[in-house]
Amino acid sequence: MKRILACLLAALMLLGTAAVAEGTTITYMASQDWVQDAEMELGEKFTEQTGIKVDYQIIPSDQYTTLLMTKLNTGECADIFGSQAGQFDIVTQLNVEKNAVDLSGEAWADTVDPLAAAETSVDGKLYGQPVQDVSAVWAVAYNKQVFDRLGLSVPTNYEEFKAVCEAIKADGMTPIYEAVSDGWHHQLWFCEMGVAIENAEPGTAEKLNNNEMGFADSATALQLVDQIKEMVDLGYWGDNYMANAYSDAAKAIAEGECAMTVANQGFPTELHDAYPDFPAEDIGFFVMPLCDNQVLNMNPVGPTRFIYSGSANIDAAKQYLAFIAEPESIQYLIDNVPKFNTLPFTTAQDAYSDEISSFYAAYPEHGTVYQTSVKYVNPQWMEIGKELTAVILGDETSEQMLKNIDRNRADQAAAAQDPAWN
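Summarised in this report is the structure supplied together with it.

Analysis parameters
- Residues numbered from 1 in each chain as written.
- Predicted model: local features only at pLDDT ≥ 70, side-chain atom pairs only at ≥ 80, totals over all residues.
- Heavy atoms only, no water.
- Phe/Tyr/Trp six-rings, centres within 6.5 Å; stacked < 30°, edge-to-face > 60°.
- Helix = DSSP H or I, 4+ residues; strand = E, 2+ residues; numbered from the N terminus.
- Buried < 20%, exposed > 50% of the residue type's maximum accessible area, 1.4 Å probe, protein only.
- Pairing = 2+ DSSP bridges.
- Contact = heavy atoms within 4.5 Å.
- Axes fitted to C-alpha atoms, helices over the stretch in contact; angles between N-to-C directions.
- 1 Å grid on protein atoms, 1.4 Å probe; cavity = no way out; pocket = protein on both sides within 12 Å on 5 of 7 lines; lining within 4 Å.
- Points joined across faces, edges and corners; volume = space filled by probe spheres on them.
- Nonpolar A, V, L, I, M, F, W, Y, C, P; charged D, E, K, R; others polar.
- Parallel < 35°, antiparallel > 145°, perpendicular 65-115°, else oblique.
- Left-handed = near helix turned anticlockwise from the far one by under 90°.
- Polar contact = N/O pair within 3.5 Å; in protein donor to acceptor, adjacent residues only side chain to side chain.

1. Structural notes on the packing of aromatic side chains
Per the counting criterion, the structure on display carries 24 aromatic pairs. With centroids separated by 5.4 Å and ring planes inclined at 20°, the aromatic side chains of Phe81 and Phe306 adopt a geometry described as stacked. Taken as a pair, Phe81 in strand 3 (residues 80–84) and Phe306 in strand 12 (residues 303–307) lie far apart in primary sequence, 225 residues in all. The exposure classification of Phe81 matches that of Phe306, with both residues buried.

Written out as structure tokens, the structure is:
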């Protein structure tokens, strides 16, 4: 670790030396869980070398999007701001051509993975720097020891999944650890399964983007929401799903309270680091099998760093991004953030285990999740979570939820003056 940090300091000396006043502080605003401890450690080294301080402003996830939009609209944004990217959303929601700095000329720009770069660019100009591992997918992480003890196999359709949940429930465990209180996690069961909608009804994403249909017109989308509610009604999420916090998922699995949770592929290492007696290899993965899905739900985009165009510290912010993008920094993050197996830079060396490689190999058919491939879905992520909560509590029907999503998409399209909604 010391050798890596020494290399980082040496690398930083090679960065462009724009005239930045001694003692400059840059502000970096991001949502919960987007800035890892390892990045803050790198930030300290960056400060030691340059004298530029980094003020990390971490905002609760359920408040972040509203606060970010307010700051962008009032011209009072942080020097660096984090946001989910996506080729549609960075135009319609963030208006990056106005609100963010063109980073195409930065030395590190050509090292961004092409798929990730496409989701952070407009007209060939790169505006963002990826933050997290986008090779990982949200899938069902399961305790292999529990499955072996109960004689269970990885389910390949929804009925098999229900049978697995029933067997675990009969054994006295909660089948699935779900955390509604965080506001961002439980809707993964819906948004990530856009791949199931697309597989059953090919061309749906294109029709949604052209305003030729709505989610309420999709029989698969309706079935998807119905099955999520059925999981809850059958007790598969247990009794405490409304109060659970996702940060306690590893604890729930390690202590045998629950057998499964939706997680990405860094979860086994996270769990093992927190509970050393629980081997990382005891966690396996399978895709969420709602609507009999067997397509791997891929998302080439995630949280991204942008430099605010109205910043008084653009040069200092560029130095920070350049430092973070150095190969040594990238590797430091991969090696010190348990949930990162790689990062979307061509200089990264992945840390996939055999178990993770086997998981990916088991699902040769891939699809892009709807929050990336369909316009006006990701911006209402938290709202979708509220809608889904209303459904599972019985306060709203599945049909009402889908119609509300369509209404919200139409409102956002109107605000963006999208010609398809004209």
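2. What to know about the sheet that holds strand 1 (residues 25–31)
Spatial strand order, 2-1-3-12-6: 5 strands in an open sheet with mixed pairing. The sheet terminates laterally at strand 2 (53–59) and strand 6 (129–130), the two strands that pair on one side only. Two elements, strand 1 and strand 3, share 2 bridges in a ladder whose sense is parallel. Counterpart to Tyr28 in the pairing with strand 3 is Ile80. Set on the sheet, helix 2 (residues 37–50) makes contact with strand 1, strand 2 and strand 12; between it and strand 2 the angle comes to about 155°. Strand contacts of helix 3 (residues 61–74): strand 1, strand 2 and strand 3, with the helix running at about 130° to strand 1, the strand carrying the most contacts.

3. Regarding empty space enclosed by the protein
For the structure shown, the criterion picks out 2 cavities of 30 Å³ or more. Here the largest cavity is characterised by a volume of approximately 40 Å³. Surrounding the largest cavity, Ala116, Thr120, Pro130, Val131, Val134, Pro300, Val301, Gly302, Pro303, Thr304 and Pro344 form its lining. Grouping the amino acids of the lining of the largest cavity by side-chain chemistry returns 8 nonpolar, 3 polar and no charged. Counted as a void, the second largest cavity has a volume near 30 Å³.

4. Looking at the side chain of His185
Within the secondary structure, His185 is located in the loop between strand 8 (174–177) and helix 9 (188–191). Those residues in contact with His185 that sit more than four places away from it in its chain are Trp138, Glu178, Ala179, Tyr246 and Val262.

5. Regarding the packing of helix 12 (residues 219–233) against helix 20 (residues 398–415)
Orientation of helix 12 relative to helix 20, taken along the N-to-C sense of each, is 125°, at an axis distance of 9 Å. What the angle tells us is that helix 12 and helix 20 run oblique. The way helix 12 lies across helix 20 gives a crossing that is right-handed. Judged by residue contacts, Ala221, Leu222, Val225 and Asp226 of helix 12 engage Ser398, Glu399, Met401 and Leu402 from helix 20. For the contact of helix 12 with helix 20, the class distribution of residues is 5 nonpolar, 1 polar and 2 charged.

6. Observations concerning the side chain of Glu119
As for its position among the elements, Glu119 is in the loop between helix 6 (114–118) and strand 4 (121–122). From its side chain, Glu119 meets the backbone nitrogen of Gln87 in a polar contact 2.9 Å long. In this view, Glu119 contacts Ala85, Gly86, Gln87, Ile90, Pro300, Val301 and Thr372; residues no more than four positions away in its chain are not counted.

Without other data, these values stay purely geometric and don't point to any function.
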